[in-house]
Amino acid sequence: MTDAQETAADTSLRTTGGAPPDDVAPAPIPLLEPREGIPPVVTSDDALAEVVAAFAAGTGPVAVDAERASGYRYGQRAYLVQLRREGAGSALIDPVGCPDLSGLGSALSGTEWILHAATQDLPCLRDIGMTPTSLFDTELAGRLAGFPRVGLGAMVENVLGYALEKGHSAVDWSTRPLPEPWLRYAALDVELLIDLRDELEEELERQGKLEWAREEFDAIASAPPAPPRKDPWRRTSGMHKVRRRRQMAVVRELWTARDQVAQRRDVSPGKVLGDAAIIEAALALPVDVPALTALPGFGHRMGRRQLEQWQAAVDRARALPETALPQPGQQPAGPPPPRSWADKDPAAAARLSAARTAVSELAERLHMPQENLITPDTVRRVCWEPPKNATPGAVEDTLAGYGARNWQIQQVAPLLVRALDAS
């Protein structure tokens, strides 16, 4: 970033959401109201066809949002999709009544989609046939521009001067019919998303970061779906307490049984059996239902049939031969935890310390979080196993191999070249 870009960044950030003088009372922030009222929820193929035609005929980018029922239902499917586009207005679509939105996705192909925290919504949108070819992520744009608070409500308030209604973000969106206040909240999520996008684009342009943001957006849009997690039961909260392989087998059996029940009942696994209860059973290895009932999480509110099914899972783990017990978790690929570097490789520890300091200082000058400048994992990997000849070209190639974007490489590679000489 040039001196002029830094000055522009400083000035724009000071004028964004700045506090008024002490002797001036802040003006009340107006509550955002839907410009055309709350649109009816689309639940039929005929109504969906009308929406597809209207949005295909619209102009400019399209604002997109989705609501899930995290913590209530199994999986992360969408239970409401909200859209807004110039010339088409707003639309609320029920993916339960209209599970295939591929026609809408095709109609919007080639159009820029505006999302807030795109990586959260793209998986559930992809499942119903909606995948953007290009996008603008207003949350990520806010991070790159240096906004300290990047939630949608905070961004709309600080950038556009409106307050969004609060209180319905964590509700059960699988509820039918959806209450009117929830629909109002959902419609407002896309009401000003296009306006927010335009303001943030100007802000990024002023700071000399617009091309950086476009690289980030392209990377999100082109990223393939995440592969399924290997051994997801190992991510049970409290797993660090489980040391013995037999206990690990109990966690695996209970986690698998719980997941099957949750999927069959379409409820969040945590509502079927808590992680803490699974860990308690693994540590105690109860021999029968009374012993299981005495453990935290398996109280008297749980029915006899449920207790028997959990005890059966424990019994299966207890009966496994040694050869069938799970092995301790494999160390993830990559360098060891940094706390052990000083003992294992003091030179690598020196490189990492120098790199972290340099990256932190640059991120502060650029007014953005360090993890958006370059991921900490990438820095660790480069410092643990640097290229044999740490030339600028070699470091740049190494960063690219770890998925760093061009703008990140240009900013960070010179710092890492110097840090790799720290030993």
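Not measured: the values here are computed from a predicted model.

### Concerning the overall build of the protein
Move 1: For the protein, the count of helices and strands is 20 helices and 6 strands.
Move 2: Along the first, second and third principal axes, the C-alpha set of the protein runs to 70 × 65 × 50 Å.
Move 3: When the 423 residues of the protein are sorted by exposure, 44% land in the buried category.
Move 4: Restricting the contact set of the protein to residue pairs at least 6 apart, pairs at least 24 apart contribute 68%.
Move 5: Accessible surface computed for the protein: about 21400 Å², of which carbon and sulfur atoms make up 50%.

### Things to note about the domain arrangement of the protein
Move 1: One can read the domain layout of the protein as domain 1 (27–220), domain 2 (231–317) and domain 3 (336–420).
Move 2: Taken over C-alpha atoms, the centre of domain 1 sits 38 Å from the centre of domain 2.
Move 3: In this assembly, 5 residues from domain 1 lie in contact with 9 residues from domain 2.
Move 4: For the pair domain 1 and domain 2, the two sides together bury roughly 580 Å², of which 48% comes from carbon and sulfur.
Move 5: Taken as a group, Y72, R73 and Y74 account for 82% of the area that domain 1 buries against domain 2, more than any other trio of residues on that side.
Move 6: Note that R73 is salt-bridged to D266, the shortest N-O span being 3.6 Å.

### Digging into the UniProt feature "domain: HRDC" (unreviewed entry) in the protein
Move 1: The UniProt record marks residues 244–324 with the feature "domain: HRDC" (unreviewed entry), using the residue numbering of this structure.
Move 2: In residues 244–324, the share of helix is 69% and the share of strand is 0%. The end C-alpha atoms are 13 Å apart.

### Details of a negative patch on the surface
Move 1: A cluster of like negative charges, contributed by D45, D46, E50 and D100, occupies part of the molecular surface.
Move 2: Relative to the elements of secondary structure, D46 occurs in helix α2 (residues 45–57).
Move 3: The class of D46 is exposed, set by a relative accessible area of 63%.

### Quick look at the pattern of salt bridges
Move 1: Following the criterion strictly, the structure yields 24 salt bridges and no others.
Move 2: The closest approach of N and O atoms between R35 and E191, which form a salt bridge, is 2.9 Å. Residue R35 is located in the loop between α1 (3–14) and β1 (41–42), and its partner E191 is located in helix α7 (residues 180–191); the two are separated by 156 residues in the primary sequence.
Move 3: Owing to a relative accessible area of 3%, E191 belongs among the buried residues under this scheme.
Move 4: Through salt bridges with shared partners, a single network forms among E112, R197, D198, E201, E211 and R214.

### Concerning the environment of T119
Move 1: Secondary-structure assignment places T119 in helix α4 (residues 118–127).
Move 2: T119 sits 70 residues away from A49 along the chain, and the two C-alpha atoms are 27 Å apart.

What counts as what
Residues numbered from 1 in each chain as written. Predicted model: local features only at pLDDT ≥ 70, side-chain atom pairs only at ≥ 80, totals over all residues. Heavy atoms only, no water. Helix = DSSP H or I, 4+ residues; strand = E, 2+ residues; numbered from the N terminus. Buried < 20%, exposed > 50% of the residue type's maximum accessible area, 1.4 Å probe, protein only. Contact = heavy atoms within 4.5 Å. Areas by Shrake-Rupley, 256 points an atom, 1.4 Å probe, with all protein chains shown as cover. Domains from an automatic or database assignment. Buried area = accessible area lost by both parts, 1.4 Å probe. Salt bridge = Lys/Arg side-chain N within 4 Å of Asp/Glu carboxyl O. UniProt positions renumbered as here; feature names shortened; annotations may be inferred. Patch = residues over 30% accessible without salt bridge, like charges linked within 9 Å, V, L, I, M, F, W, Y side chains within 5 Å. Lys, Arg positive; Asp, Glu negative; His and termini not counted. Charge placed at Lys NZ, Arg CZ, Asp CG, Glu CD.

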